[in-house]
Amino acid sequence: MFTEEYCCIIMEGTTQSEYAGYFTVTFYVIVKKDGGNVLLPKNIVKPFWSWNDSLEKEELCRQIDLMKQNGIDGFFMHARGGLVTEYMSDEWFDCIEACIKQAEKLGMEAWAYDENGWPSGFANGTVPQRKADYRQKLLKAEAAEDICKLPENILGFYEIKNDGFTRLENFKKGCLVISFEENPYYTDLLNEEAIKCFINETHEKYYSRLSGYFGKSFKGFFTDEPQYSRISAPWTGALPQLFKESYGYSVLEKLPLLFYEFSGYEAFRSDYYSLVSRQFRKAFLKQIYDWCEEHNCKLTGHMMGEDGLLSQTESTGGVMSCYEYFHEPGIDWLGRQVSSPIVPKQL
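Nothing here was measured: the structure is a model prediction, and the numbers come from that model. (Residues numbered from 1 in each chain as written. Predicted model: local features only at pLDDT ≥ 70, side-chain atom pairs only at ≥ 80, totals over all residues. Heavy atoms only, no water.)

### Thoughts on the packing of aromatic side chains
Piece 1. Per the stated rule, a full pass over the model turns up 37 aromatic pairs.
Piece 2. Between the aromatic rings of Phe122 and Tyr186, the centroid separation amounts to 6.3 Å while the plane-to-plane angle is 65°, which identifies the pairing as edge-to-face. Residue Phe122 is found in the loop between strand 6 (109-113) and helix 3 (126-130), and its partner Tyr186 is found in strand 10 (residues 175-187); the two are separated by 64 residues along the sequence. Each of the two residues, Phe122 as well as Tyr186, counts as buried.
Piece 3. Considering the side-chain rings of Phe157 and Phe171, the 6.2 Å spacing of their centres and the 75° angle between planes classify their relative orientation as edge-to-face. Of this pair, Phe157 sits in strand 8 (residues 154-161) while Phe171 sits in the loop between strand 9 (164-168) and strand 10; the two residues are 14 residues apart in sequence, bridging distant segments of the chain. (Phe/Tyr/Trp six-rings, centres within 6.5 Å; stacked < 30°, edge-to-face > 60°. Helix = DSSP H or I, 4+ residues; strand = E, 2+ residues; numbered from the N terminus. Buried < 20%, exposed > 50% of the residue type's maximum accessible area, 1.4 Å probe, protein only.)

Shown next as structure tokens:
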């Protein structure tokens, strides 16, 4: 995996917590070599800093001092399970500002994690609660025997045959019904208006409180594993119109090809997921990237399903095409084992 030009540095340190005792943090950094010398980049380590208790400004600043003393030049303020202080409250932002000021004093970088949990995009539940149309939508196909037990949000009825299918105008006993289900806890990342809501509830609130630090000691936002789906084909209300404009035929006429391998399924699935991935990048990544450009800060983070091409199709449509909209793209490297090189090589 590593060549004469590049090498991997493994840094390991042990620290002590009043609550968790001693724990070890390991960092893996791929760096460039110049002859026999290793060229270390500035700000080589910026760890996720878990905020998982009742926050106290004095204690937070004390921990920042310890980071600096141990060679850490930046941090990501990251809401985690166990957080007692209300996320995005006045008290939350008072703590954020105190940490940014301390970072400025010590010549460090302060970054914000853009969510309370993950995957990013739901603004601690605010976005999917705002409107039903903002909720993630996933396709479902099932045979229907009883017209009184049909699902909600029906997109089409289809008669399945041995060698294909026919779209029906109305319900027929035993027909295939394709509908979408709403996830009340996550956001439709293909919906541009939903992502504007996410930005308003997150990024704009940071800017309204902390604009004077943007581009200085406050560097930007980390977005974590945004995804249009992981378990089923995604859907969004604008998809029929977008599909017709892109390919000249109706997506509703061909939907069974997402579930059956009838003639033409390869071409349809290629069209479908190509459009979905473009819309995901446009609605979610580009809007946030453009906002950061306009507000003198950066977007970093990592994508869902980086480990393989199939998992990328299911969740993002391909991580490499997403990197266009990151100022500093990243990867998720969990554990200590170096196995497949696909994740860092894509980056």
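What follows continues from the structure just given.
### As for the sheet that holds strand 14 (residues 328-329)
Piece 1. The 6 strands are arranged 4-5-6-11-13-14 in an open sheet whose pairing can be described as parallel. Bordering the open sheet on either side are strand 4 (48-51) and strand 14, each of which pairs with just one other strand.
Piece 2. Note: strand 5 (residues 74-79) against strand 6, 4 bridges, orientation parallel. Considered in strand 6, the bridge of Met77 is made with Ala112.
Piece 3. Sitting on the sheet, helix 2 (residues 90-106) touches strand 4, strand 5, strand 6 and strand 11 (218-224), and the angle it makes with strand 5 is about 170°.
Piece 4. Along the sheet, helix 7 (residues 265-294) contacts strand 11 and strand 13 (298-302); its crossing angle with strand 13, the most-contacted strand, is approximately 145°. (Pairing = 2+ DSSP bridges. Contact = heavy atoms within 4.5 Å. Axes fitted to C-alpha atoms, helices over the stretch in contact; angles between N-to-C directions.)

### Things to note about the confidence of the model for the protein chain
Piece 1. For the protein chain, the mean per-residue pLDDT works out to 89, and 87% of the residues sit at or above 70.
Piece 2. This model gives residues 6-28 a pLDDT under 50, and the stretch forms 51 contacts once residues within four places in sequence are excluded. (pLDDT = per-residue confidence, 0-100.)

### A closer look at the sheet that holds strand 7 (residues 135-144)
Piece 1. Ordered in space as 9-8-10-7-12, the 5 strands form an open sheet in which the pairing is antiparallel. The sheet is open, and its two edges are formed by strand 9 and strand 12 (234-235), each paired on a single side.
Piece 2. Sheet analysis places strand 8 next to strand 9, joined by 5 bridges and oriented antiparallel. In the strand pairing of strand 9, Ile160 is matched with Phe165.

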